[in-house]
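In case you want the letters, here they are:
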Amino acid sequence: MRFRLPLGRVAFAVAVAATLLACQSTPTPAPSSPGPPASAGAGGSAFPSRFSVEVADAPFLRPSDGPDGSLWVTPAAGTRDRDGNLVLVIVWFDDGSSAPRITIATSPDGTAWNVGKSPILGDLDIGHPAPGPIPTAILQLDDGSWQLYGWAAEDASGSALWSWRTSAPSLDGPWKLDAEEILGPGPAGEWDSQVAAAGSVLRTDDGFAMWYEGEPPGSTNRGDIGLATSADGLTWSKADNPATAGRPFAMSDPVIPTWTCGEATSVAVEQPQIEHDGDGYVALFGGFGPADDQMGVFGAVSGDGRGWGCGTRAPLLTGDALGDGDGIHTIATIPLGDGRLGLIAESLAADHSELWWADVTVLAE
C-alpha cells in the first residue's frame, strides 16, 4: 500500500511513527497469489534487463522543504504538464498531531522545485480522517483542467479501501470532489475484497485506464495489481478473464500478479506506476519476496496494459542505494518526454523520510 494501508501493513495509526514501525512487519505469502507461472524462477544475471537506472547522489526534497512541522515527505503522484513542467503531488506527515497535508510541487527540469505549502484537499470530506484522502494519480486533460485520483479508508483499521476522484480547473484549484467512490473492493472471497486502491490512471483512446492495488482481508504483506477501464473516469469496469471462473478470480483478475518477476515478487506487488511507452506501456512497481522485509522496485513492459512481461528479475532499486535510510516506502514516477522516467523514491528512516531521484531508461529489446 501507500503508507502500508493497502498490502497489509496494519492500520494507519494516528501517530505516524507507529504506522511507520508497523510497515516493517515480516511479510508472509499472499493468500490470493495464483502461484508461479511455469516460466517463473529466481531470475538473475542471465535474465536481460529492459531498464537502466541512474540514482542521484543526494535527496532532492526533505521534510524541512514542506509545511512547518513536517517529518515525513511522501511522493503521492507525478506527471508532466502540457508545457513540459514536472508536477509532483506530495503528502506531508508530522508527529501525528495534525492530519496529513497534501501539496503540489512543480519543476521545469527536476532540479529546482517550487514546493507549495498550502493543502489542496483540506476541505474535502473523503473517507476516514486517519489518514484521510491519499492521492495516487494526477493527469491533465486536453482543456487544461486536472483530475486527481486516490484512495480512502472506511476506518482507521483499514477494513475497506476504495478509490475516489477530484478535479480542478488548474493546479491551484479549487479542487472539488467528483465522486467519493469510483472503484470499490470486490465481493467476499475475491482477491480484492478488502482493497481496491487506485495506483496509476492514464488517458487512452477509449477513455481512461486505472491500475490499482487489490487485497483480500488479512494483516500480512499481500496483494496484486489489477486493471479497470472507464469511458468517463467515473464509472469503471475491472478486467476479468472469463477462464478464471472460481474464487478468488471469479469477478476480476490481477494483470500484474505476484510472481511477475519471479520469486523476488512472490509475496506481494504494489504501487503500480504506469506510463505510456510508444504504442505500449511501461510499469515500475514495488515487490516483495519471501526473504525480504523491504520493498524493491521492479519493472515490466506491456503492449496493451493487460498482459505484462517482466523487465528485470533483480530489483532496479532498493533502499541500500538511497543513503542511510531503512528502505523504500513509497514511489512515484514522472514521464520526462525523452524515453526516460523520473523515479521518485521515499527513503524511510526512524524519525523522518526524504525523497530521492533516479533516471530510469527503458532499453530496446
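Everything below is about the structure printed above this text.
Student: Talk me through the overall build of the protein chain; I want residue IDs and the actual numbers.
Tutor: Check the secondary structure of the protein chain and you find 1 helix and 21 strands. Expressed as a percentage of the 365 residues in the protein chain, the buried residues total 58%. Considering only intrachain contacts with a sequence separation of at least 6, the fraction spanning at least 24 residues in the protein chain is 55%. Per element, the accessible surface of the protein chain, about 13,700 Å² overall, is 50% carbon and sulfur.

Student: Residue-level account of the sheet that holds strand 3 (residues 86-93), with values.
Tutor: The strands making up a sheet associate through hydrogen bonds between their backbones, and the pairing can be parallel or antiparallel. In spatial order, the strands read 2-3-4-5; together these 4 strands make up an open sheet with antiparallel pairing. On the outer flanks of this sheet lie strand 2 (72-80) and strand 5 (114-115), each paired with one strand and no other. Here strand 4 (residues 101-107) runs beside strand 5; their pairing, made up of 2 bridges, is antiparallel. The residue bridging T106 from the neighbouring strand is N114, located in strand 5.

Student: Would you mind going over the pattern of salt bridges in detail, with residue names and values included?
Tutor: The final tally for this structure, using the stated rule, is 8 salt bridges. Between D94 and R101 there is a salt bridge, with its nearest N and O atoms 4.0 Å apart. You'll find D94 and R101 in the same group, each marked buried. D178 is paired through a salt bridge with K176; the nearest N and O atoms lie 2.6 Å apart. Each of R165, K176 and D178 takes part in salt bridges that share partners, so that together they form one network.

Student: Which residues make up the layout of surface pockets, and what values go with them?
Tutor: Of the voids in this model, the largest pocket is the one considered here, and its volume is about 580 Å³. In this structure, the largest pocket is lined by 29 residues; those nearest its centre are T79, L202, E275, H276 and P335. Residues of the lining of the largest pocket, tallied by class, amount to 11 nonpolar, 11 polar and 7 charged.

Student: Which residues make up the side chain of S167, and what are the values?
Tutor: Its location among the elements puts S167 in strand 8 (residues 161-168). A polar contact is formed between the side chain of S167 and the side chain of D178, at a distance of 2.9 Å. In contact with S167, other than residues within four places in its own chain, are W146, Q147, P174, W175, K176 and D178.

Student: Mind laying out the pairing of strand 17 (residues 296-302), listing which residues take part and the relevant values?
Tutor: By the criterion of burial, strand 17 is predominantly enclosed, with 7 of the 7 residues buried. Bridge analysis of strand 16 (residues 280-288) against strand 17 gives 7 bridges, and the strand direction is antiparallel. In the strand pairing of strand 17, A283 is matched with A300. With 3 bridges connecting them, strand 17 and strand 18 (residues 308-310) associate as antiparallel partners. Pairing of S302 across the sheet is with W308, part of strand 18. If you look at the hairpin formed by strand 17 and strand 18, you'll find 5 residues sitting between the two strands, and G305 has a positive phi there, around 85 degrees.

Cut-offs used in this document
- Residues numbered from 1 in each chain as written.
- Predicted model: local features only at pLDDT ≥ 70, side-chain atom pairs only at ≥ 80, totals over all residues.
- Heavy atoms only, no water.
- Helix = DSSP H or I, 4+ residues; strand = E, 2+ residues; numbered from the N terminus.
- Buried < 20%, exposed > 50% of the residue type's maximum accessible area, 1.4 Å probe, protein only.
- Contact = heavy atoms within 4.5 Å.
- Areas by Shrake-Rupley, 256 points an atom, 1.4 Å probe, with all protein chains shown as cover.
- Pairing = 2+ DSSP bridges.
- Salt bridge = Lys/Arg side-chain N within 4 Å of Asp/Glu carboxyl O.
- 1 Å grid on protein atoms, 1.4 Å probe; cavity = no way out; pocket = protein on both sides within 12 Å on 5 of 7 lines; lining within 4 Å.
- Points joined across faces, edges and corners; volume = space filled by probe spheres on them.
- Nonpolar A, V, L, I, M, F, W, Y, C, P; charged D, E, K, R; others polar.
- Polar contact = N/O pair within 3.5 Å; in protein donor to acceptor, adjacent residues only side chain to side chain.

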